[in-house]
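Take a look at the letters that make up each chain.
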Amino acid sequence: MSSSMMNREQKRRAAKCLRSALLIFVAGLGYAAAVSVLHAGIPCLFHLLTGYKCPGCGVTHMCLALLEGDWESACQANPGLFFSLPVLAVFLFWYVVRYIRSGSRSFGSAQTVLGVVLVVYYLLYGIYGNL
């Protein structure tokens, strides 16, 4: 068997990741449909308790705008997350590929650095958004 072919365990892990992604996607579409019909989403607990916006405030509006192809509204809803989506996509892809290949659920050193950079970025974005 060549190194480019996936073994049985890797195929099982890939199928597991695909099922998880599909479940998240379907749940997200269901939530988007509920928000669109009911015009109410899950409130931000951080905002309710403190009056300040968290780095995730506006995510629902951003996702709905992205589903409609409205890039400008998506960016306005949560610019911090909007501009980091490509980095998040690479980070998640990198993690999934590592898991499928090795079965390891831990982060490599470069992934850890990128994760820390993202956390610091979102914290700084959250502070900046409340100034």
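A brief structural summary. (Residues numbered from 1 in each chain as written. Predicted model: local features only at pLDDT ≥ 70, side-chain atom pairs only at ≥ 80, totals over all residues. Heavy atoms only, no water.)

**Topic: the overall build of the protein**
Link 1 in the chain: Assigned secondary structure in the protein consists of six helices and zero strands.
Link 2 in the chain: Against the 2.2 N^0.38 benchmark of 14 Å for 131 residues, the protein shows a C-alpha radius of gyration of 18 Å, more extended than a compact globule.
Link 3 in the chain: C-alpha extents for the protein along the principal axes are approximately 55 × 35 × 30 Å.
Link 4 in the chain: Relative to its full complement of 131 residues, the protein shows a buried share of 21%.
Link 5 in the chain: For the protein, the share of sequence-separated contacts (at least 6 apart) that also reach a separation of at least 24 residues comes to 44%. (Helix = DSSP H or I, 4+ residues; strand = E, 2+ residues; numbered from the N terminus. Rg over C-alpha atoms; globule rule 2.2 N^0.38 Å. Buried < 20%, exposed > 50% of the residue type's maximum accessible area, 1.4 Å probe, protein only. Contact = heavy atoms within 4.5 Å.)

**Points about the pattern of salt bridges**
Link 1 in the chain: Evaluated as defined, the whole model comprises two salt bridges.
Link 2 in the chain: Measuring nitrogen to oxygen at the nearest pair gives 2.4 Å for the salt bridge that ties R12 to E9. Of this pair, R12 and E9 both sit in helix 1 (residues 8-38), separated by three residues, roughly a single helical turn.
Link 3 in the chain: Its salt-bridge partner being R13, residue E9 comes within 3.7 Å of it at the nearest N-O pair. One end of the pair, E9, and the other, R13, are both in helix 1, four residues apart, so they sit about a helical turn from each other.
Link 4 in the chain: Of the residues examined, R13 reaches a relative accessible area of 9% and is grouped as buried.
Link 5 in the chain: One continuous salt-bridge network, built from bridges that share partners, spans E9, R12 and R13. (Salt bridge = Lys/Arg side-chain N within 4 Å of Asp/Glu carboxyl O.)

**Describing the packing of helix 5 (residues 79-102) against helix 6 (residues 109-129)**
Link 1 in the chain: Where helix 5 contacts helix 6, the axes come no closer than 11 Å and their chain directions differ by 160°. Here helix 5 is positioned roughly antiparallel relative to helix 6, judged by the angle of their axes. Between helix 5 and helix 6 lies a crossing whose hand is left-handed. Residue-level inspection shows P79, G80, L81, S84, V87, L88, F91, W94, Y95 and R98 of helix 5 in contact with helix 6, the latter providing A110, Q111, L114, G115, L118, Y121, Y122 and Y125. (Axes fitted to C-alpha atoms, helices over the stretch in contact; angles between N-to-C directions. Parallel < 35°, antiparallel > 145°, perpendicular 65-115°, else oblique. Left-handed = near helix turned anticlockwise from the far one by under 90°.)

**So, the nonpolar core**
Link 1 in the chain: Residues M62, A65, A74, C75, L81, F82, F91, L114, L118 and Y122 constitute the largest nonpolar core, which totals 10 residues.
Link 2 in the chain: If you list the elements that add at least two residues to this core, you get helix 3 (59-67), helix 4 (71-77), helix 5 and helix 6.
Link 3 in the chain: With residues near it in sequence (within four places) discarded, L118 still touches V87, L88 and F91. (Core = buried A, V, L, I, M, F, W, Y, C linked by side-chain atoms within 4.5 Å.)

**Some remarks on a nonpolar patch on the surface**
Link 1 in the chain: A cluster of nonpolar side chains, contributed by V116, V120, L124, I127, Y128 and L131, occupies part of the molecular surface with about 690 Å² of accessible area.
Link 2 in the chain: Among the secondary structure elements, Y128 is positioned in helix 6. (Patch = residues over 30% accessible without salt bridge, like charges linked within 9 Å, V, L, I, M, F, W, Y side chains within 5 Å. Areas by Shrake-Rupley, 256 points an atom, 1.4 Å probe, with all protein chains shown as cover.)

**Topic: helix 5**
Residue pairs three or four apart in sequence face the same way in an α-helix, which turns once every 3.6 residues.
Link 1 in the chain: The terminal C-alpha atoms of helix 5, which comprises 24 residues, lie 35 Å apart, in line with the 34 Å expected from a rise of 1.5 Å per residue.
Link 2 in the chain: All of the buried residues in helix 5 are G80, L81, F82, S84, F91, Y99 and I100.
Link 3 in the chain: Buried residues along helix 5 sit against helix 1, helix 3, helix 4 and helix 6.
Link 4 in the chain: Remark: G103 follows helix 5 within two positions and exhibits a positive phi of approximately 85°. (Expected span 1.5 Å × (residues − 1).)

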